[in-house]
Amino acid sequence: MNRMGMPMENSLQKAHLYEQVADLLERQIIAQYKDGKKLPSEQHLAEQYQVSRTIIREALKLLKERGLIDSKTGSGAYVTKPEAQNIADVVSRIIRVNRIDYANVFDMRIILETEAVSRAARYVTEEEIQEMEEILERLKGSGLSAEERSEYDFSFHYMISKASGNPLLALMTEAIGTICQEVISVGFLVQGGLEDSIVRHNRILQALKDHDEKEARESVAAHLEKSKQNYEKYLQVF
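Every value quoted in this text rests on a predicted model; they were computed, and no experiment measured them.

So, on to the overall build of the protein. A count of helical and extended segments in the protein gives eleven helices and two strands. From first element to last, N terminus to C terminus, the protein shows the α and β order α-α-α-β-β-α-α-α-α-α-α-α-α. Its C-alpha atoms give the protein a radius of gyration of 22 Å, clearly above 18 Å, the size a compact globule of 238 residues would have. In the protein, buried positions account for 42% of the 238 residues. For the protein, the share of sequence-separated contacts (at least 6 apart) that also reach a separation of at least 24 residues comes to 69%. Surface exposure of the protein reaches about 13200 Å², of which carbon and sulfur atoms provide 50%. The average position of the 31 basic charges and that of the 38 acidic charges among the side chains of the protein differ by 6 Å.

Attention now goes to the layout of surface pockets. Counted as a void, the largest pocket has a volume near 230 Å³. Lining the largest pocket are 17 residues; nearest its centre among them are Glu 42, Leu 60, Ser 71, Gly 76 and Ala 77. Those elements giving two or more residues to the lining of the largest pocket turn out to be helix H2 (42–49), helix H3 (53–65), strand S1 (69–72) and strand S2 (76–79). Within the lining of the largest pocket, the residues separate by chemical class into five nonpolar, six polar and six charged.

Applying the stated rule across the entire model yields 15 salt bridges. Arg 122 is the salt-bridge partner of Glu 213, the closest N and O atoms lying 3.2 Å from each other. You can see Glu 213 sitting in helix H11 (residues 213–237) and its partner Arg 122 sitting in helix H5 (residues 102–123), a full 91 residues away along the chain. Judged by relative accessible area, which is 41%, Arg 122 ranks as partly exposed. The shortest N-O distance in the salt bridge between Glu 225 and Lys 228 comes to 3.8 Å. In this pair, Glu 225 and Lys 228 both sit in helix H11, three residues apart, roughly one turn of the helix. Through salt bridges with shared partners, a single ionic network connects Asp 23, Glu 26 and Arg 66.

This paragraph deals with the nonpolar core. In this structure, Val 117, Met 132, Phe 156, Ile 160, Ile 204 and Leu 208 are the most contacted members of the largest nonpolar core, which totals 38 residues. Of all the elements in the fold, those that place two or more residues in this core are H5, helix H6 (126–139), helix H7 (146–163), helix H8 (167–179), helix H9 (181–187), helix H10 (193–209) and H11. In terms of residue count, H5 provides more of this core than any other element does, eight residues in total. Counting residues in hydrophobic clusters, the runner-up holds 21 residues, among them Tyr 33, Ala 46, Ile 55 and Ile 69.

Rules of the game
Residues numbered from 1 in each chain as written. Predicted model: local features only at pLDDT ≥ 70, side-chain atom pairs only at ≥ 80, totals over all residues. Heavy atoms only, no water. Helix = DSSP H or I, 4+ residues; strand = E, 2+ residues; numbered from the N terminus. Rg over C-alpha atoms; globule rule 2.2 N^0.38 Å. Buried < 20%, exposed > 50% of the residue type's maximum accessible area, 1.4 Å probe, protein only. Contact = heavy atoms within 4.5 Å. Areas by Shrake-Rupley, 256 points an atom, 1.4 Å probe, with all protein chains shown as cover. Lys, Arg positive; Asp, Glu negative; His and termini not counted. Charge placed at Lys NZ, Arg CZ, Asp CG, Glu CD. 1 Å grid on protein atoms, 1.4 Å probe; cavity = no way out; pocket = protein on both sides within 12 Å on 5 of 7 lines; lining within 4 Å. Points joined across faces, edges and corners; volume = space filled by probe spheres on them. Nonpolar A, V, L, I, M, F, W, Y, C, P; charged D, E, K, R; others polar. Salt bridge = Lys/Arg side-chain N within 4 Å of Asp/Glu carboxyl O. Core = buried A, V, L, I, M, F, W, Y, C linked by side-chain atoms within 4.5 Å.

Below, the structure is given as structure tokens:
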């Protein structure tokens, strides 16, 4: 048992000791710490886990990669909530290692977003509708780069997932959408891509205003399928 009454398990058997310490620290953080709370000092943690400060430092780096802490120079480490980008980074590595092509990734986006928009059609609020309208107005703005337009496009889809009322569905949808940012951006480089995107987004928005689940699902599926086709067209040209 350590000072916190937690078993050390004599299981620090991994090739890299810091990985096991990070796992134990992660459990402690989830069980005992709230978002924003400061962790004990490296020296305190080293004594607690009976390892060197170097091991603790490496363990904290790993926890930062997992999105569980944020280190502030001269202040220490603070607990944070993992974000969609943390999930996107992990999934992106899995995609690359397993050679999963973009079509399968985008199909997963379609699966997630059609369910998200269906639920959003039930639960969306007037305030969320208004925010989506403002995002689409910015998307139409002249002089924007494809990357800037893709950011507004992504924000619109994020608002849909948020309006679904399911925070985990919203998080997963946002993560997959993040991975698909290149596909979104390319759609605005294809001839007629912007005009088509505006029409399709407005169709989705109207379905949400009408709380029409069927139309919302069909509009999102058609929009994302067209986005995938635009990407394929772009690849053929370039």
